Structure formats: structure tokens, C-alpha cells
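Survey of secondary and tertiary structure
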Amino acid sequence: MKIDIQAILNKLGIEEVNQGVSTGAQWFDTDGKINKSSSPVDGKFIASVKTATLEDYETVVKKAEAAFKEWRLVPAPERGEVVRQIGNAIREYKHELGALVSYEMGKIYQEGLGEVQEMIDICDFAVGQSRLINGVALQSERPYHRLSEQYHPLGIVGIVTSYNFPVAVWAWNSALAAIAGDVVIWKPSSKTPLVALATQKIIQQVLIDNNVPEGVFNLVVGRSSVMGDNFLSDKRIPLISVTGSTAVGRRAAELVGKRLGKTLLELGGNNAVTITPNADIEMAIMSTVFGTVGTAGQRCTTTRRVIIHEDIYDQVRDSFVKAYEKIADKIGSPLDEKYLVGPLIDGHSVELFIDAVKRVKEEGGKVIFGGQVLVGEGYESGNYVMPCIAEAENHFDIVQHETFAPIVYLIKYSGDVQNAIDIQNDVPQGLSSAIFTLNMREAEHFIAQTGSDCGIANVNLGTSGAEIGGAFGGEKDTGGGRESGSDAWKVYMRRQTNTINYGSTLPLAQGVKFDI
Amino acid sequence: MITKEIAIEDLVEDYPFTVLFLKEKGIRCIMCGEPIWGTLEDACKEKEFSEEKIKTIVEELNQLANK
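Structural notes, computed from the coordinates. (Residues numbered from 1 in each chain as written. Chains lettered and ligands numbered in written order. Predicted model: local features only at pLDDT ≥ 70, side-chain atom pairs only at ≥ 80, totals over all residues. Heavy atoms only, no water.)

Let's talk about the overall build of chain A
Each helix and strand in chain A was counted, giving 15 helices and 24 strands. The C-alpha atoms of chain A give a radius of gyration of 24 Å, which matches the 24 Å a tight globule of 516 residues would have. Along the first, second and third principal axes, the C-alpha atoms of chain A reach 80 × 60 × 35 Å. Across the 516 residues in chain A, those meeting the buried criterion constitute 59%. (Helix = DSSP H or I, 4+ residues; strand = E, 2+ residues; numbered from the N terminus. Rg over C-alpha atoms; globule rule 2.2 N^0.38 Å. Buried < 20%, exposed > 50% of the residue type's maximum accessible area, 1.4 Å probe, protein only.)

What follows is the structure, given as C-alpha cells:
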């Protein structure tokens, strides 16, 4: 299938130079630094965005504050109806938006489509949730009293997204925030501003058709000097959601914490797959390879470590190498469906990949496959690398850090499954984990309280590729936040406890006597 | 000219060589594929570098940038 990028840009309303600030249907002619977006696929310039100034930021926050006062009064199911229409609008543009995600970010087209499908799925989820924003009725200790809890809208939600899921993460946050009665200000990654603009343009007709106030869905493409510490420190924004590195998340936690705001942090991972002697090895290899090289190793849930029992280590290692040999012929333009692995986002990521390969050798590891930059026809952008397999030990400094590239470390364990779990947990991060075993005891042990310490613990499937229905996030340096499904909607709301006295006396709690 | 007040985002964009240079000094400017937030000084202070050391790093960066 031939994808015509110019036709896609035209259909999505992306021009050569674009405005980078919107409060919904309205766009602002900004005066900030020009952000030139180039494709990691072929290195070509795609389009420019005029980024925000501090004045633009202030204008947007004021619009958002005013919009919140109206939006919170719209019944939640009506807010859900708007989100339903947003989901449908995204459906109409699934091919175009998926292709632009692929071209601007570098993930293969199928994954670009998958990302847009996630946006649609979370909109569907949020529509249902809009009729189920439920509190609880509790039992009062006092006669003729009713005790209950309810949830109210919170206010402005700041959303910081990363380049690797440049639009899905916005959807996870904003669909739930919108049905909760909140308004959002989105700071997209500076590396992928065009897909953010395209998303805003896709939804704007829905906002016009439904008379949604300007300021409910805001987009601000801005440098960290404009949308950085000031954004995090802004008391008018009760919740900041950050998807990104542990470093940025820690900064957000400090600055938002200082003003006693709320954060939702979804940060780095160092995800491991454990393969026990009781595994279906063929299934384990197939699944794990998707986890290690999918999105060229640039998912927060990418499998970084594979912990293999010594009895099957040689067999699994050799199978991995064979699988990678097949992958080696499938690295190329992500817009060409014959390829399974696209480029890294830019030259910095390539440098850090090469540096990690060097470091693992220096620390005593052994590279057994790949690790080089690809050159030649089709690789002119310089961003394509051969995925790397290295034999390593868990305590290596390089293994303890997340390298956002396709390098996987094979680690041997001996004895029972607890030893593998201990290795898995012995890293600062705690996002995703998986075990391959057909042994029920091992599987249950892995997900028990003494098992994986991650936010996601899977059995007989890999670490990446979560569904929107479950809460997504992790522990330790991953930040502790939960986005997307389950009861993640609660973070976008404030909880209120109500006690109502419908009697004619005034009994105090705990039986306290206070007679005047 | 590079100063300690430069945003990391601008530093790595305008002077790409700084990513590996600072990594050797223990400062990871790019994490999860994105520049970290804050200034060069913020990043140095997070590593508890002294004012003297920060000054030296800025001088070295400028020397490399002018090569």
C-alpha cells in the first residue's frame, strides 16, 4: 500500500506553517519559537509549528478557567455524548491519523493504526463511564443520619505527553477528564507536534456542533521554557498528568507537590519477561520478540530484560537469535507494511543506543546480536538500528537504567521462580512484567503479593500492548499513577463526603457529649 | 554561547554533542527519548555538583562548541 503523506497532511489540515495554540475551535497566531518537525523515517521536513509564548499560555489558562465553570454544569452523560462524537470523528480519520503518527514518530503503520484505535476505545469506555460516575452510600453511626460520598469535577487538568504515544495518551487522559467535567490543557511532545495539531483539528467540528465552550479542550505546543516549570507550578491547575521520563516526573512531583496539587505520573519502565522451564517456549519467544523490538524498543512497556532459567537458557537464547535474524530483514520504512521495525526518533536516541551497546560490553556483558546503525538505501535518515541482544547481569549499571531503544538483556537464573522474581524486582522501575509458564503455582506466585512488584503483571503474554480497559501504570520510579481503564477516572475528580442529619437531635460522632 | 541558564531542551537541540558529553559527567539529558526539563544548572545541581564544577563544565562545553 502506497501512503501519500502530502495527501494525508492536506486531509488533516496540516499546512507548511501552523499555529500551535488552540482553545477548541479557535486557533491563535502565536509568536513563539518555530518548531520544525522532521520525520525520523526519511529525515525530511514535514511542517512547522509556531509555538506558544507565555502570554499565549496565560490566555489559554484564563479561557480554561472560564470554560470549567460552564462545563462542570453540563450533565455527565451529555459530556459523554460529546466524547462519543469525538470517538466517531477519530474513527473517520483513523487511516490518516495513524499514517501521520507513523511518519512523524516512526512506529510502523499497523502500530499507528493501533494507537488511533486506542483513542477510539477510550472514548467508547468514557461514554459508558459518563453514566457511572458513582459514589457510595455508607452506614452512619448516628441515628437519622445519612453518610455518603460523591465525586465532583476537579478543574483544569494539565496533560504532558511523550513522542512514543503522541496521541493515545492524550485520549486516555482527556476522554476521562472531559466526562468528569474537567477541562484540559495539552502540552504535546516537541518531537511530535503535528499529530497533536491534527487531533485538535479532527475534534474541533464536534466541539462546534455541540456548542462546547472554548477552553474545554486546549492545546499548547510550547517549549519547556513556556510550558515547563511555570505550568507545573501553576496553582490554577489542580492535576498534572505526566507521561514521560522519571526525571521529568520527579520534577513534576516536586513542583506540583510543593503547591499540594495532584499528579498522575506514568514514567519509565525496566520491564522483564521471565521464562521458566515450564514455559511454552515457542509462544514465549514470539510474544517476547514483539515486546523487545516493537516500536523499535521505544515503548515504556518495551521488554528490556529476559530472565531465563539455566536449564533452558541456551535453547531460549538460540531461539531468540533466530527470531532476530528474521527481524533483520524487516527493518525499514514504517509506512511500508512489509517492515516490522522502523527508525528511532532521532540522532540522540541512536547515539544513546550505541552508547548502551558499548557500555554493556565494558561492564562484562556479551553482545550476541545486532547493535549497529544501519546504512544504505532506505536508511538515509541515520535513525535505523539493528536490534541488539546482549547477555548481561542484572546488577550492571546499564541494565539498571532504561535505554529507550531496542536493546534487550538476557539474564540467567537458577533454582525456583522466586529467584527470577527477585531479579526482576531488583531495578528502580516497576511498570510492566510477565512470566511464561504453564505451571499454575509459578503463575500464581508471580502475581501474588510476594511476586512481581510492578503495576502490570502478565502471565503467558508479553510486557507491552495493554488494553485500555485496565488501569495502566506502575510503581517505584514509574511514578505510581494509573491511567486509562478500571477506576482511573477517579483521579480526575474530587471526592466529597456528605453527612446529612434528617433527625431532630444533634448527636455527635464518637458519642461526644457537648450540652450547652 | 552556552551559559548555565540554558534550557536542556535548547542545549541538546542547538549543540547535539552535549548529550554524550554530559552523560560522561553523569548527567542524562535525554531520557525516554525526550530532553529532561530545566536548565543546565538545574541538572548539575541535581547531581550535587559544586559551583566550581558547573563553571568548568560550562567552559568545556563552550570550548567544544567553538571547535
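That covers the picture; the talk isn't over yet.
Some details on the sheet that holds strand E3 (residues 27-28) of chain A
Residue and element names in this part refer to chain A. Ordered in space as E3-E2-E10-E9-E8-E11-E12, the seven strands form an open sheet in which the pairing is mixed. In this open sheet, the two edge strands, each paired with only one partner strand, are E3 and strand E12 (262-266). Looking at chain direction, strand E8 (residues 156-160) and strand E11 (residues 239-243) are connected through four bridges and run parallel. Paired with Val-160 across the bridge in E11 is Val-242. (Pairing = 2+ DSSP bridges.)

Here's the deal with the sheet that holds strand E24 (residues 493-501) of chain A
The strands that make up a sheet are held in pairs by hydrogen bonds between backbone atoms, and each pair lies either parallel or antiparallel. Residues and elements named next belong to chain A. The three strands are arranged E6-E7-E24 in an open sheet whose pairing can be described as antiparallel. Each edge of the sheet is formed by a strand with only one pairing partner; in this case those strands are strand E6 (136-138) and E24. With strand direction ignored, the average angle separating the axes of adjacent strands in the sheet is 25°. Across nine bridges, the pairing between strand E7 (residues 145-153) and E24 is antiparallel. Counted as the bridge partner of His-145 is Asn-501 from E24. (Axes fitted to C-alpha atoms, helices over the stretch in contact; angles between N-to-C directions.)

Thoughts on the packing of helix H3 (residues 76-92) of chain A against helix H6 (residues 168-180) of chain A
All names here are of chain A. The N-to-C vectors of H3 and H6 enclose an angle of 150°; their axes lie 8 Å apart at closest approach. Classified by the interaxial angle, the pair formed by H3 and H6 is roughly antiparallel. Within the contact between the two elements, H3 uses Ala-76, Arg-79, Gly-80 and Val-83 and H6 uses Ala-175, Ala-178, Ile-179 and Ala-180. Split by residue class, the contact of H3 with H6 holds six nonpolar, one polar and one charged. (Parallel < 35°, antiparallel > 145°, perpendicular 65-115°, else oblique. Contact = heavy atoms within 4.5 Å. Nonpolar A, V, L, I, M, F, W, Y, C, P; charged D, E, K, R; others polar.)

Points about the pattern of salt bridges
On inspection of all chains with the given rule, the structure shows 34 salt bridges over all chains. Arg-91 of chain A is paired through a salt bridge with Asp-124 of chain A; the nearest N and O atoms lie 2.9 Å apart. Of this pair, Arg-91 of chain A sits in helix H3 while Asp-124 of chain A is found in helix H5 (residues 109-129), placing the two residues 33 residues apart along the sequence. The partner of Arg-223 of chain A in a salt bridge is Asp-10 of chain B, with the nearest N and O atoms 2.4 Å apart. A residue pair is termed interchain when its members come from two chains, as with Arg-223 of chain A in the loop between strand E10 (217-220) and helix H8 (229-233) and Asp-10 of chain B in helix H1 (residues 8-14). (Salt bridge = Lys/Arg side-chain N within 4 Å of Asp/Glu carboxyl O.)

As for the pairing of E12 of chain A
Residues and elements named next belong to chain A. Note that E11 and E12 share five bridges and pair parallel. Note that in E12 the partner of Leu-239 across the bridge is Lys-262. Handedness of the crossover joining E11 and E12 through helix H9 (residues 246-258): right-handed. (Right-handed = clockwise from strand over helix to strand, strands pointing away.)

Here we look at a nonpolar patch on the surface
Residues and elements named next belong to chain A. Taken together, the side chains of Leu-508, Val-512, Phe-514 and Ile-516 define a hydrophobic patch exposed on the protein surface, amounting to about 510 Å² of accessible area. Relative to the helices and strands, Val-512 resides in the segment after E24. Given the relative accessible area of 44%, Val-512 is considered partly exposed. (Patch = residues over 30% accessible without salt bridge, like charges linked within 9 Å, V, L, I, M, F, W, Y side chains within 5 Å. Areas by Shrake-Rupley, 256 points an atom, 1.4 Å probe, with all protein chains shown as cover.)

What about helix H2 (residues 54-71) of chain A?
All names here are of chain A. The first and last C-alpha atoms of H2 sit 25 Å apart over 18 residues, in line with the 26 Å expected at 1.5 Å per residue. Taken residue by residue, H2 has Asp-56, Tyr-57, Val-60, Val-61, Ala-64, Ala-67, Phe-68 and Trp-71 as its buried positions. Taken end-on, H2 shows its buried residues confined to a sector of 135°, consistent with a single buried face. Pointing more than 90 degrees away from the buried face of H2 are the exposed residues Glu-55 and Lys-69. (Expected span 1.5 Å × (residues − 1). Arc of directions from axis to C-beta.)

Overview of the packing of aromatic side chains
Residues and elements named next belong to chain A. Counted by the stated rule, this structure contains ten aromatic pairs over all chains. When the ring of Tyr-163 is compared with that of Phe-404, the centres are 6.3 Å apart and the planes differ by 75°; the resulting orientation is edge-to-face. Within this pair, whereas Tyr-163 is found in the loop between E8 and H6, its partner Phe-404 is found in the loop between helix H13 (397-400) and strand E17 (407-413), the two being separated by 241 residues in sequence. With respect to burial, Tyr-163 and Phe-404 carry one shared label: buried. (Phe/Tyr/Trp six-rings, centres within 6.5 Å; stacked < 30°, edge-to-face > 60°.)

Description of the state of the cysteines
Following the criterion strictly, the structure yields zero disulfides over all chains and no others. No disulfide involves Cys-300 of chain A; its sulfur sits 7.5 Å from that of Cys-32 of chain B, the nearest cysteine. Here Cys-388 of chain A is not cross-linked by a disulfide; its sulfur's nearest cysteine counterpart is in Cys-32 of chain B, at 19 Å. (Disulfide = S-S within 2.5 Å.)

Describing the interface of chain B and chain A
Between chain B and chain A, the contact holds 21 residues from the first and 30 residues from the second. The largest per-residue losses of area from chain B upon contact with chain A belong to Glu-9, Cys-32 and Trp-37 of chain B, which jointly make up 35% of the total buried on that side. Connecting chain B to chain A are seven salt bridges. Linking Lys-23 of chain B and Asp-355 of chain A is a salt bridge whose minimum nitrogen-to-oxygen distance equals 2.5 Å. Inspection of the region where chain B meets chain A yields eleven residue pairs in polar contact (both at pLDDT 80 or more). Contributing elements (two or more residues each) for the side of chain B that touches chain A: H1, helix H2 (18-24), strand E1 (30-31) and strand E2 (34-35) of chain B. (Buried area = accessible area lost by both parts, 1.4 Å probe. Polar contact = N/O pair within 3.5 Å; in protein donor to acceptor, adjacent residues only side chain to side chain.)

Some words on the side chain of Thr-53 of chain A
Residue and element names in this part refer to chain A. Here Thr-53 shows up in the loop between strand E5 (45-50) and H2. The class of Thr-53 is buried, set by a relative accessible area of 15%. Not counting chain neighbours up to four residues away, the residues in contact with Thr-53 comprise Asp-31, Gly-32 and Val-226.

No statement about biological role is implied by the geometric values presented.
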